[in-house]
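Structure at a glance
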Amino acid sequence: MRLATIGLAAIAAAASTAAIAAKPSPLTTPRPPSGTGLPSGQCIRSSEIRGHTIADKDTLLIDVGGKATYRVTMKGGCLAGAVASDPLVTRIPPGSPIICKPIDMDIAISRGGFPSQCIVDSIVRMTPEEVAALPRKLKP
């Protein structure tokens with residue numbers, strides 16, 4: 001009997017995770033093209049990241065210095081199952097702490113103390129209108 005209960009709980013958890021992964025993105029603008037980076041005047045320092053929110057299984061929203069919000073998309077759904085309270089782990093890539101292109105960002109989400117590495121696909125600065133259109137719970 002106990003084994004059946006555990007099995008049903010596992011099935012319910014898997015179904016819940018699948019439902020979350022299949023949930024459409026709350027963002028109103030389409031995903032940026034793969035490889036999109038920032039223009040030279042919009043590059044950011046990794047040390048200026050002040051907060052983050054997970055919008056969906058592929059999208060991280062970050063607050064940079066309280067002045068701008070950036071949309072960082074990932075490959076492979078590495079954010080699936082992560083929640084906003086999971087710590088964001090960033091490392092300065094060799095060479096420079098400046099982030100201009102997806103390859104400049106070394107990022108992971110820590111779940112239960114274990115970092116889950118992500119491959120950054122694109123990074124764009126959101127317009128004030130896009131930020132204003134975000135649901136309150138998604139604002140970093």
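In this text, all values refer to a predicted model and were calculated from it rather than measured experimentally.

Reading guide: rules and limits
Residues numbered from 1 in each chain as written. Predicted model: local features only at pLDDT ≥ 70, side-chain atom pairs only at ≥ 80, totals over all residues. Heavy atoms only, no water. Salt bridge = Lys/Arg side-chain N within 4 Å of Asp/Glu carboxyl O. Buried < 20%, exposed > 50% of the residue type's maximum accessible area, 1.4 Å probe, protein only. Helix = DSSP H or I, 4+ residues; strand = E, 2+ residues; numbered from the N terminus. Core = buried A, V, L, I, M, F, W, Y, C linked by side-chain atoms within 4.5 Å. Contact = heavy atoms within 4.5 Å. Disulfide = S-S within 2.5 Å.

Evaluated as defined, the whole model comprises 4 salt bridges. The salt bridge partner of K57 is D58, with a shortest N-O separation of 3.0 Å. Owing to a relative accessible area of 32%, K57 belongs among the partly exposed residues under this scheme. Given the relative accessible area of 13%, D58 is considered buried. Linking D121 and K75 is a salt bridge whose minimum nitrogen-to-oxygen distance equals 4.0 Å. In this pair, D121 sits in strand β8 (residues 114-125) while K75 sits in strand β4 (residues 68-75), placing the two residues 46 residues apart along the sequence.

What follows is about the nonpolar core. Judged by nonpolar contacts, the single largest core of 21 residues is most densely connected at I62, M74 and M105. Ignoring sequence-local partners within four residues, the contact set of I62 consists of I44, I49, G51, H52, A68, T69, Y70, V72, L88, M105 and P140. Within the second largest apolar cluster, 6 residues are counted, among which are L27, A55, L61 and L134.

With the rule as written, the count across this model stands at 2 disulfides. One disulfide bridge connects C43 with C100, the sulfur atoms lying 1.9 Å from each other. Disulfide C43-C100: the torsion about the S-S bond is 120 degrees, which places it as right-handed. Of the two residues, C43 sits in the loop between α1 (2-22) and β1 (44-45) while C100 sits in the loop between β6 (98-99) and β7 (106-111), which places them 57 residues apart along the sequence. Two residues share a disulfide in this structure: C78 and C118, whose sulfurs sit 2.0 Å from each other. When the S-S torsion is 105 degrees, as for the bridge of C78 with C118, the disulfide is right-handed. Taken as a pair, C78 in the loop between β4 and β5 (88-91) and C118 in strand β8 lie far apart in primary sequence, 40 residues in all. Note on accessibility: C78 and C118 belong to one class, buried.

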